[in-house]
Amino acid sequence: KAGVTQTPRYLIKTRGQQVTLSCSPISGHRSVSWYQQTPGQGLQFLFEYFSETQRNKGNFPGRFSGRQFSNSRSEMNVSTLELGDSALYLCASSLGLANTGELFFGEGSRLTVL
Amino acid sequence: AQKITQTQPGMFVQEKEAVTLDCTYDTSDPSYGLFWYKQPSSGEMIFLIYQGSYDQQNATEGRYSLNFQKARKSANLVISASQLGDSAMYFCAMRDRNRDDKIIFGKGTRLHILP
């Protein structure tokens, strides 16, 4: 069974640019969550999508947005990049509400903003 | 608001010894789940163990066990007979089922196993 796939794995952008990250969940998983991981702040919750609907949103500015498609694949977008957006962005999928809620993580997309 | 606290930023433990990683949580709701994840230097997050708030017994998975003390709001991870491959970051996390149901993570503990 294929795991969670995130693309791209690494990317470098400059301030003011925008970036789109992609996440393909495990087949059959309908919930996709996004996290930002930095050395100082640890793992911070960005948002969660379930069946194409945003269920939860963390405390991030509106520059951070996401969506989920009918095949459960998800994208997140960061506009007007700032230096502080440099981080590892982790995507995680889960079956949804009917189980313990264990998350299956991808390997992450490491974003560097110059 | 929900909160997860891991008070040990780093730990050094001799190989084959048992390790206890501390985690305390704060929630006002009776229905919640607690998780532990491992993140090796390669970056991927690996699920280790889960404890539901209504589970009567402490969860165990191989060498991992969760010491769940509900009244103290404590969910410590115990690794028995530590191995060099256990060196990694360990994160405690909580899902609050009655509220917004999202999973939040503690800041993590970096565990170093010494040969």
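The structure presented is a predicted model; accordingly, all values stated were derived computationally and were not measured. (Residues numbered from 1 in each chain as written. Chains lettered and ligands numbered in written order. Predicted model: local features only at pLDDT ≥ 70, side-chain atom pairs only at ≥ 80, totals over all residues. Heavy atoms only, no water.)

What to know about the overall build of chain A
Put simply, the test is: Here a strand is any run of E in DSSP of at least two residues, a helix any run of H or I of at least four, and the numbering for each starts at the N terminus. A radius of gyration in this sense is built from C-alpha atoms; the matching globule rule multiplies 2.2 Å by the number of residues raised to 0.38. Each residue is assigned to one of three classes by its accessible area relative to the maximum for its type, calculated with a 1.4 Å probe on protein chains only: buried under 20%, partly exposed between the two thresholds, exposed over 50%. Throughout, a residue-residue contact means that at least one pair of heavy atoms, one from each residue, lies within 4.5 Å. All accessible-area figures derive from a Shrake-Rupley calculation using a 1.4 Å probe, and residue coverage is judged against the displayed protein chains alone. As used throughout, the charge tally considers Lys and Arg to be positive and Asp and Glu to be negative, leaving His and the chain termini uncounted. Note on charges: their place is set at NZ of Lys, CZ of Arg, CG of Asp or CD of Glu.
Helix and strand counts for chain A come out as zero helices and eleven strands. Along its sequence from the N terminus, chain A presents helices and strands in the succession β-β-β-β-β-β-β-β-β-β-β. For 114 residues, the compact-globule estimate of 2.2 N^0.38 gives 13 Å, and the C-alpha radius of gyration of chain A, at 13 Å, lies within 12% of that figure. Within the span of chain A, comprising 114 residues, buried residues form 51% of the whole. Within chain A, contacts between residues separated by at least 24 positions form 53% of all contacts whose residues are at least 6 apart in sequence. When the accessible area of chain A is evaluated, it comes to approximately 5300 Å², of which 49% is carbon and sulfur surface. Side-chain charges of chain A comprise 11 positive and 7 negative groups, with the mean position of each set lying 3 Å from the other.

Overview of unusual backbone geometry
Negative phi values dominate among residues other than glycine, just as trans dominates among peptide bonds. With an omega of -10°, the peptide bond between T7 of chain A and P8 of chain A qualifies as cis. In this model, E52 of chain A sits at a positive phi of 70°, which is unusual for a non-glycine residue. By the element assignment, E52 of chain A lies in the loop between β5 (42-50) and β6 (53-57). For K73 of chain B, which is not glycine, the phi torsion reads 50° and is therefore positive.

Quick word on the state of the cysteines
Covalent bonding between the sulfur atoms of two cysteines defines a disulfide. All names here are of chain B. Note the threshold: Working definition: a disulfide is two cysteine sulfur atoms within 2.5 Å of each other.
Under the definition given, this model contains two disulfides over all chains. Disulfide partner of C23: C92, at an S-S distance of 1.9 Å. Here C23 and C92 share a disulfide; its torsion about the S-S bond, -65°, makes the bridge left-handed. Placement of the pair is C23 in the loop between β3 (19-21) and β4 (24-26) and C92 in strand β10 (residues 88-96), with a sequence separation of 69 residues. Accessibility classification places C23 together with C92 in one group, the buried group.

Structural notes on the sheet that holds strand β8 (residues 74-78) of chain A
Residues and elements named next belong to chain A. We apply this condition: Note on pairing: DSSP must find at least two bridges between two strands before they are called paired. Axes, fitted as lines to C-alpha atoms, cover a helix only where it is in contact. Angles between the N-to-C directions of the axes lie from 0 to 180 degrees.
Judged by pairing direction, the sheet is antiparallel, and its four strands sit side by side in the order β1-β3-β8-β7 without closing on themselves. The strands lining the two open edges of the sheet, one partner per strand, are β1 (5-7) and β7 (64-68). Strand-to-strand twist of the sheet, defined as the mean angle between neighbouring strand axes without regard to direction, takes the value 15°.

A word on the nonpolar core
The nonpolar side chains of a soluble globular protein tend to be buried with one another. Put simply, the test is: By nonpolar core we mean a set of buried residues, namely Ala, Val, Leu, Ile, Met, Phe, Trp, Tyr and Cys, connected to one another through side-chain atoms within 4.5 Å.
Among the nonpolar cores identified, the biggest contains 26 residues, and V19, Y25, W36, I49, L77, Y90 and L111 of chain B are the most heavily contacted of them. Taken together, the elements giving at least two residues each to this core come down to β2 (10-14), β3, β5 (32-39), β6 (46-52), β8 (64-69), β9 (74-79), β10 and β12 (109-114) of chain B. In terms of residues, this core owes the most to one element, β10 of chain B, which gives four residues. Sequence-distant contacts of V19 of chain B, that is, excluding residues within four places in its chain, are made with M11, V13, L77, V78, I79, S82, L111 and I113 of chain B. If you look at the next biggest cluster of nonpolar residues, it comprises 21 residues, including V32, F60, M76 and V113 of chain A.

Focus on the confidence of the model for chain A
The condition that has to hold: For every residue, the pLDDT score states the predictor's confidence, bounded by 0 at the bottom and 100 at the top.
With 96% of its residues at a pLDDT of at least 70, chain A reaches an overall mean of 92. Element-level mean pLDDT values for chain A span from 89 in β6 of chain A up to 98 in strand β3 (residues 19-24) of chain A.

Notes on the interface of chain B and chain A
What counts here: When two parts are brought into contact, each loses some accessible area as probed by a 1.4 Å sphere; the total of that loss over both is the buried area. Any pair of N or O atoms that falls within 3.5 Å is considered a polar contact. Within protein, one atom must be able to donate a hydrogen and the other to accept it, and sequence-neighbouring residues count only if both atoms are side-chain atoms. In the scheme used here, Gly and all other residues not listed as nonpolar or charged are polar, with Ala, Val, Leu, Ile, Met, Phe, Trp, Tyr, Cys and Pro taken as nonpolar and Asp, Glu, Lys and Arg as charged.
Facing the 16 residues of chain B at the interface are 21 residues of chain A. Together chain B and chain A conceal approximately 1600 Å² of surface at their shared face, both sides included; 51% is due to carbon and sulfur atoms. Per-residue buried area on chain B facing chain A is highest for M45, K102 and F105 of chain B; these three make up 27% of the total on that side. Inspection of the region where chain B meets chain A yields four residue pairs in polar contact (both at pLDDT 80 or more). Counting only elements with at least two residues in the side of chain B that touches chain A, the list comes to β5, β6, β10 and β11 (103-105) of chain B. Per-element tally for the side of chain B that touches chain A: the top contributor is β5 of chain B, with three residues. When the residues that make up the side of chain B that touches chain A are grouped by side-chain class, the tally is eight nonpolar, one polar and seven charged.

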